[in-house]
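Breakdown of the fold
Chain by chain, the residues run as shown.
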Amino acid sequence: MITDWPLLSLVTFLPLAGAAVILTIRGDDALVARNARNVALLTSAMTFMVSLALWNLFNFDTAEFQFVEQRAWLPGLGVTYHMGVDGISLLFVLLSTFLTLLCILSSWHAVTTRVKEYMVAFLVLETMMVGMFCALNLIPFYIFFEGVLLPMFMIIGVWGGTRRVYAAFKFFLYTLTGSVLMLLAMLVMYFTAQTTEIPALMRFPFPDDMQRWLWLAFFASFAVKVPMWPLHTWLPDAHVEAPTAGSVILAGVLLKMGAYGFLRFSIPMFPDASSYFTPFIYALSVVAVIYASLVALVQEDMKKLVAYSSIAHMGFVTIGIFTPTQQAVEGALFQMLSHGIVSGALFLCVGVVYDRRHTREISAYGGLVHRMPMYALVFMIFTLGSIGLPGTSGFIGEFLVLLGVLPVSSLVALFTATGVILGAAYMLYLYSRVIFGKLEKPALHGLLDLSKREILVFTPLLLMVLWMGIYPTPFLKVFHTSVTTLLENNKVIEVPALAAP
Amino acid sequence: MTYVAAVFLPLFGALSAGVFGRQLGDRGAEILTASSIGVSFILSLLIFRDVVGSSAVQTVPLLLWIQSGTLEVAWALRFDTLTAVMLSVVTCVSFLVHVYAIGYMHHDSSIPRFMSYLSLFTFFMLILVTADNLVQLFFGWEGVGLASYLLIGFWYDRPSANAAAIKAFLVNRVGDLGFMLGILTTFILFGSVCFDPIFATAAVHAGDYVRFLGVEWHLVTVICFLLFIGAMGKSAQIGLHTWLPDAMEGPTPVSALIHAATMVTAGVFMVARMSPLFEYSQTALTVIAIIGASTAFFAATVACVQSDIKRVIAYSTCSQLGYMFFAIGVSAYQAAIFHLMTHAFFKALLFLSAGSVIHAMSGEQNMHRMGGIVSRIRVTYVMVWIGSLALSGMPFFAGYYSKDIILEAAFGSSSTVGYFAFWMGIAAAFMTAFYSWRLLFMTFHGQTRADEKVMAHVHESPAVMLIPLLILAIGALLSGWIGYETFVGQHRESFWGQAITVIAGHNAMTAAHHVPLWVQLAPFVVGIGGILLAYLLYIYMPVLPGLFSSVFNRVYQFLLKKWYFDELYNALFVRPAFAIGNGFWKGGDGALIDGIGPDGVAAVSRGVAQRLSHLQSGYVYHYAFAMIVGVTVFVTWVTLFHLW
């Protein structure tokens, strides 16, 4: 039976094996580069296939962890190697494998220096990301969670832009503070509950006071990753300095780690603290949505603009996660997936012109539609996805979050919803400055439209945006049972009935 | 099958022309899109025959869309009389505009793209009118907004076109925000977003209240307000109208189809569709009547002084939409939809005729540089006459039936707000006639003010443009007369069936047929007055307009600047948004957060940072180190703890 195979270990460590193979490649530079690319592509494609198999074999009717593997690891401490996925984590595994595959494809010609190391870094990154979403024990989780940052630092630090050291330093400073606090919290949890198993911890009733301190410690780590206002300033810098594919993974998957952490730890393990701090989360998220949108409006750098838009979109996510209604949590999860696809695609769109002109200044462009009609179309569709036009993936998430939060707090819903207007403003303003207008700048006259390889990268993303917008059922179906169980276990605070039935 | 095909054929046309435009060629794209819509029109007529005969609503389910918790939204098409009327009007005008565009756009370099957008628009519009639930209606609603955005900015080389396109999208988004919140509130109250369950339980929930910010709110009123904000955006009602005049940057066929005949009437359609809900909120209806009447009046005043031929017609559209809304405000939904239909014909006719003039004048749109072209483009001239007669409601033309029934219903409602609407409507009717003939005289009559080069090229449009004009002219002539009895007269009950709900006590429609004689005559009399005034000012004594504008300069400027709405909004929203954005960015992120946070720390620990920075990627190792130390500490501590 295929279900008896250690599928999760396979999907987690296959990339690592690929990385090991790449390290053994010897020969002259051109040959090494070519082989490294091929091996990386093959490995990530196989990993993606395995993750598709997971989706296919997944049982939608149970909230239990599936494909579970458990082996003794540090027996003296009761630490096990414990892997499993449920409806909350499954699709993030797919998101990681899907985006990694596209990243490797998109870096085909964009990266020419140290190709071997680059591919190794990406495959290691994939292992860490997938492992993070599958880990069911604190120790492996912590290792994967922090381990993600190593290849990411490397990618920014080695293949990044001119201010990469500053960006990496900022990133590092924020994350370090969070990590230390999280580690401390994990220690406390272990002493209290005498276990490092996540499923057991999810059932353990932590005392009220302790819950709050633990919640805050985890918050310090997760809020940086999301990033929530005012812990977000590392993100624009990191994006600007990262190479295109780095940005795709950063926006597509890394930002989701914080939100995933909230759902896996904060809410099930500290339910009382979570509801206690919900107003605090609401406040920060609403500020994030409006603040980041307004800042995005005045950006002159394309990547920074998209980065700020990510902060605004993640504001919707954090609101949804902490709202104890089915629609809000599912909306948040869906928004995370959608944002992973759309923002990843938008960074690729920036990458397309960056590869050609080597600048991200918006004012350096204008009138690209004359030379690159296909690019204009692709960029338009992702812009619409980001705006959340019905029929694209962006709409479903935002709509469900707002639907879920309205009965809980209409004021929050009202303020958050203004993000919908602002989102349209900065994206369309960006689009019109880059794509429309006369083609006046001489440097732009020789630009070529999307190449075959670029089309190959964009097509799956494009189909995803439309598929998730028009027929989101296969995705929402994955969430249902797990989210229901999550909410039930947390003795949902009764949603005040807005009206008599 | 017929039902699905009628809606999806335009999408097929749009995608084919959009994707295979190069392979199809200009002519291929034109034929494909136009014929798709043509077939769709014929199918719509079949549907109309089917639906109007039977009283039952027909629903065609397609696919599950969104399911989460108790929310369930499906893609489904719904057909009743209201849908059938809209379906026929939209496909008919759309088909004619497609044909007209073949002639109008033939110098353009991207014809397939244009035809594709037009068809895409039509598809979204059909989804909008056939929607079976509010979310799907919203999909069509935002979709037509997208198509409108793309078409306003069709000539993307022009900065003004891009600005107008963004403005249209954003102003509509403000309305859409209201619409979306309305949908969400509807779901909370009714537990569903589908029309049937909402309509079935509307009466039950009519007494529900909610507490918000310490005040008790009537829920149905809240919902109706929010939905109406959406309608105001789409249908350019006062306050959210500013995008419509700017939208004239788009090619003229677009103005005719989207910004006159179909999309802008979506708001009217939506409120009529939701009539079972609006009926239970007297407050909302009153507000709708006031907003509608004010828009009718306001837009007419502005139309009287504009010099761009398309802008005059655009403000006229705005004003006519105002009529439709105040009809709804007095529960005369049937009259509103009737006017919607006749208006679609004569306003499309006027716009396309204006296009024919612009085409003849080599792209000139300023009426101050026209004149003296009657003999050169006679057919167009006759068309403008027919359109103007219909618009100003001269006897036996379409507007005569539909506008008069609206005014009579307003009067017949015997409420304060009804009388207010009536008098505003009468004032607007006077101005409507005035600006229509002002346009006609300035454009065609007198000495020409165009230069010789333009005049040398003045020519009548080709048949492919004139035939659609002729068909629309027939509509402008006859649609009122043909439709009167069925839409608003004796047969209205059996015609509308379940499509429109009017609760007992709201009897403006009945009362409209029993108003005093002077009420029936008033629109006609003021209309003649308006025409005579225009004749006096622009033919008999052409010096007068200049004189008036300098004597009453304040008033003239106020009207010319469109009541300063744009200036106000720029000062209130646009400039502050950019200023605050900059402030947050430089001050908030830069100085405050980074200053205290990372940069501050960096400054303190500069020594450490400097030592590390020459390692290039030193932080990586540093970080790895920190992590390993962390794990080590953890493991050691735990082990010790156990031993201890």
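Residues numbered from 1 in each chain as written. Chains lettered and ligands numbered in written order. Predicted model: local features only at pLDDT ≥ 70, side-chain atom pairs only at ≥ 80, totals over all residues. Heavy atoms only, no water.

**Examining helix α16 (residues 378–391) of chain B**
All names here are of chain B. Stated precisely, the cut-off is as follows: Every helix listed is a DSSP run of H or I at least four residues long, and every strand listed is a run of E at least two residues long, numbered separately from the N terminus. Expected helix span is computed as 1.5 Å times (number of residues minus one). Exposure classes here rest on a 1.4 Å probe applied to the protein chains alone. A residue is buried below 20% of its type maximum, exposed above 50%, and partly exposed in between. Any two residues whose heavy atoms approach within 4.5 Å at even a single point are treated as in contact.
Between the first and last C-alpha of α16 there are 20 Å, a value that for 14 residues agrees with the 20 Å anticipated at 1.5 Å per step. Taken across its 14 residues, α16 has 10 buried, putting it largely inside the fold. Among the residues of α16, T380, Y381, M383, V384, I386, G387, S388, L389, A390 and L391 are the ones counted as buried. Close packing links the buried residues of α16 with α14 (309–329), α15 (333–360), α17 (398–412), α18 (416–444) and α20 (463–487). Just past α16, the residue G393 takes up positive phi, approximately 75°.

**Some points on the packing of aromatic side chains**
Residue and element names in this part refer to chain A. Rules: Here a Phe, Tyr or Trp ring, Trp counted by its six-membered ring, pairs with any other such ring whose centre lies within 6.5 Å, and the pair is stacked when the planes are under 30 degrees apart, edge-to-face when over 60, and tilted otherwise. A ring is considered to have a charge above it if a Lys NZ or an Arg CZ atom is located within 6 Å of its centre and within 35 degrees of its normal.
For the structure shown, the criterion picks out 84 aromatic pairs over all chains. Ring geometry for Y118 against W159: centres 5.1 Å apart, planes inclined by 80°, an arrangement best described as edge-to-face. Here Y118 is found in helix α4 (residues 115–134), whereas its partner W159 is found in helix α6 (residues 149–159), with 41 residues between them in sequence. Taking relative accessible area as the criterion, W159 reaches 12% and is therefore assigned buried. Considering the side-chain rings of Y276 and F277, the 5.0 Å spacing of their centres and the 80° angle between planes classify their relative orientation as edge-to-face. On the basis of relative accessible area, Y276 is assigned to the partly exposed category, the value being 46%. A relative accessible area of 12% places F277 in the buried class. The ring of Y429 is capped by R433, whose NZ or CZ atom sits 3.8 Å from the centre of that ring.

**Quick notes on the packing of helix α2 (residues 21–53) of chain B against helix α3 (residues 81–104) of chain B**
All names here are of chain B. Put simply, the rule is: Only the stretch in contact is used when a helix axis is fitted, and all axes are lines through C-alpha atoms; the angle between N-to-C directions ranges over 0 to 180 degrees. An angle below 35 degrees is read as roughly parallel, one above 145 as roughly antiparallel, one from 65 to 115 as roughly perpendicular, and any other as oblique. Handedness of a crossing follows from how the near helix is turned relative to the far one, being left-handed for an anticlockwise turn of less than a right angle and right-handed for a clockwise one. Under this grouping Gly is polar, as are all residues other than the nonpolar Ala, Val, Leu, Ile, Met, Phe, Trp, Tyr, Cys and Pro and the charged Asp, Glu, Lys and Arg.
Packing of α2 against α3 leaves a shortest axis separation of 8 Å and a crossing angle of 160°. Between α2 and α3, the angle is such that the two are roughly antiparallel. Relative to α3, α2 is oriented so that their crossing is left-handed. Residues belonging to the contact of α2 with α3 are distributed by class as follows: 14 nonpolar, nine polar and two charged.

**Points about the pairing of strand β3 (residues 209–212) of chain B**
All names here are of chain B. The condition is simple: The pairing criterion is simple: DSSP has to find at least two bridges between the two strands.
Examined bridge by bridge, β3 and strand β4 (residues 215–218) share four bridges and lie antiparallel to one another. Residue pairing for β4: Y209 is matched across the bridge by H218. Two successive antiparallel strands, β3 and β4, enclose a turn made up of two residues, where L213 displays a positive phi of approximately 55°.

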